[in-house]
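Close look at the chain arrangement
Read off the chains here:
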Amino acid sequence: MKKEENNGNEIKLDNKVSTESKENVEQTVGEIVENNNVDTKLTAEQEINENTKKEPINLTKKDGIIFHIIAVICIAIFCAALAPKCLQNDTYYTITIGEYIYNNGISDLTQDVYSWHELPYTYPHWLYDLGMFLIYNSFGHTGIYVSTMIFNAILGISVYGLCNKKSKNKVVSLIVTFAAMYLVKSFVAARAQLVTFILFVWAILAIEKFLETKKKRYACLLVLIPILITNLHCAVFPFYFILFLPYIGEYLLLVLEDLDLDLRLFKRIFKLNKKITKKEDKKAACDRKIERIEKDISERKRKREIIREKPYKIRVTKNHVVLLLVSIMAVAALTGFLNPAGDGAYTYLYKTLQGNTTDSINEHLPLTLIENTEFAITLVVFLLLLIFTDSKIKLSD
């Protein structure tokens, strides 16, 4: 009887264990199914999130391209509208000189053939004169007017490209472009200066790209542009090198700041004093001062790095590629000789300033804010935006 009872108990226990094991198996299977469902839900949600993330990026790029196209069209129309319909006296002079060069070549461009006394003369923009004559000879006054609209549109689009490169903000770039072109509307004419404005903008773009990428094609462009300037408008040839100065000046300032000349000078003095003195206590004092100066130098370096990473208003960058830019500038300075009209690229501006044209010609007058209200207002608005907003500016800018 006891054996049977024991067997019965064992059977009951086995049944309990089997039921419990079944329940455990069912529970684990249910958990696995739930986990699989959760995983599938998560993967599905992740795919949806990734798709939703990708779509705005594509839309943003597409919208950006559309914005650029519309902006370029608007700038071209606005700049073309700024072109004056009437031609200046200098334009007729330009056409006449171009006709002379077309008929006689560039073998002798040292005498003023239209002067009664045959005075020595420098043809400052012989290549532009030739181009304007060819346009006038083919299309007349309408061709000159259309060419002015085209050049001014190219200038506006170039300014927009430069602003977009500097600010990374399409709307701000568009507003600044319209403002800039409105400010230079008085200088828009069928004259060589309009072409050199374009070349100056391209030069700044080439400098920026060269400092970023260090590619040779931008270096070649920086040498080609002064060759064009010296033949298109040699009077502004010296101004080309002023465009390099902000980048060189920023680099030199940062180099001088990193030298810590004042602390290093005191360090040298204490080292010299340590060699001269014979007392041990004074030598120990010099060592302590030298150690303190070294700590100050390292602390200054640490603070400079923090300020340069998170500047308040002015951002600075110590770019060693500027040294290559100086060498390019030196090579470009020799391109002034590549002009059939002689050494006018180096002497024309100086000779011009010796005369009385600085009293009458608008381009030769100094810029005074009290006589240029539009420029003064623009400068004030720029300073207000820089001071009272969170915007930052590069030191070279």
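For clarity, every value in this text was computed on a predicted model and none was experimentally measured.

**Quick look at the pattern of salt bridges**
Evaluated as defined, the whole model comprises 14 salt bridges. Linking Glu 374 and Lys 185 is a salt bridge whose minimum nitrogen-to-oxygen distance equals 3.5 Å. Residue Glu 374 is located in helix α13 (residues 373-388), and its partner Lys 185 is located in the loop between α4 (170-183) and α5 (192-213); the two are separated by 189 residues in the primary sequence. Since its relative accessible area comes to 26%, Lys 185 is described here as partly exposed. With its nearest N and O atoms 2.9 Å apart, the salt bridge here joins Lys 318 to Asp 258. Of the two residues, Lys 318 sits in the loop between β1 (314-315) and α11 (322-333) while Asp 258 sits in helix α8 (residues 245-259), which places them 60 residues apart along the sequence. Here Lys 318 falls in the partly exposed class, since its relative accessible area comes to 33%. Among the charged side chains, a salt-bridge network with shared partners connects Glu 257, Asp 258, Asp 260, Asp 262, Arg 300, Arg 304, Arg 308 and Lys 318.

**Things to note about the side chain of Asp 260**
Positionally, Asp 260 belongs in the loop between α8 and α9 (261-276). Side-chain polar atoms of Asp 260 contact the side chain of Arg 300, separated by 3.4 Å. Residues contacting Asp 260, with those up to four places away along its chain left out, are Ile 297, Arg 300 and Arg 304.

**Considering the environment of Tyr 160**
One can find Tyr 160 in helix α3 (residues 126-167). Between the C-alpha atoms of Tyr 160 and Ile 175, which are 15 residues apart in sequence, the distance is 9.1 Å. Filtering out sequence-adjacent residues up to four positions away, Tyr 160 remains in contact with Phe 67, His 68, Ala 71, Ile 75, Lys 170, Ser 173, Leu 174 and Thr 177.

**Focus on the packing of aromatic side chains**
Taken as a whole and assessed by the stated rule, the structure comprises 7 aromatic pairs. Ring geometry for Phe 237 versus Tyr 346: centroids 5.7 Å apart, planes at 80 degrees, classification edge-to-face. Highlighted residues: Phe 237 in helix α7 (residues 237-242) and Tyr 346 in helix α12 (residues 344-353), separated in sequence by 109 residues. Taking the relative accessible area as the measure of exposure, Tyr 346 reaches 34% and is therefore partly exposed. Look at Tyr 240 and Phe 244: their rings are 5.3 Å apart centre to centre, the planes differ by 70 degrees, and that puts the pair in the edge-to-face class. In this structure, Tyr 240 and Phe 244 share a single accessibility class: buried. What links up through ring pairs into an aromatic cluster is the set Phe 237, Tyr 240, Phe 241, Phe 244, Phe 337 and Tyr 346.

**Here's the deal with the layout of surface pockets**
Over the atoms, a rolled probe matching the size of one water molecule traces out where space is still vacant. For the second largest pocket, the calculated volume is near 220 Å³. Those elements giving two or more residues to the lining of the second largest pocket turn out to be α5 and α8. Among the residues making up the lining of the second largest pocket, the classes are represented as 4 nonpolar, 3 polar and 6 charged.

**Overview of the confidence of the model for the protein chain**
Within the protein chain, residue pLDDT values average 81, and 84% of them lie at 70 or more. Per-residue pLDDT stays below 50 along residues 51-59; that stretch engages in 0 contacts with residues further than four places along the chain or on separate chains.

**Description of the side chain of His 233**
Relative to the helices and strands, His 233 resides in the loop between α6 (216-232) and α7. On the basis of relative accessibility, which here comes to 13%, the residue His 233 falls in the buried class.

Calculation notes
- Residues numbered from 1 in each chain as written.
- Predicted model: local features only at pLDDT ≥ 70, side-chain atom pairs only at ≥ 80, totals over all residues.
- Heavy atoms only, no water.
- Salt bridge = Lys/Arg side-chain N within 4 Å of Asp/Glu carboxyl O.
- Helix = DSSP H or I, 4+ residues; strand = E, 2+ residues; numbered from the N terminus.
- Buried < 20%, exposed > 50% of the residue type's maximum accessible area, 1.4 Å probe, protein only.
- Polar contact = N/O pair within 3.5 Å; in protein donor to acceptor, adjacent residues only side chain to side chain.
- Contact = heavy atoms within 4.5 Å.
- Phe/Tyr/Trp six-rings, centres within 6.5 Å; stacked < 30°, edge-to-face > 60°.
- 1 Å grid on protein atoms, 1.4 Å probe; cavity = no way out; pocket = protein on both sides within 12 Å on 5 of 7 lines; lining within 4 Å.
- Points joined across faces, edges and corners; volume = space filled by probe spheres on them.
- Nonpolar A, V, L, I, M, F, W, Y, C, P; charged D, E, K, R; others polar.
- pLDDT = per-residue confidence, 0-100.

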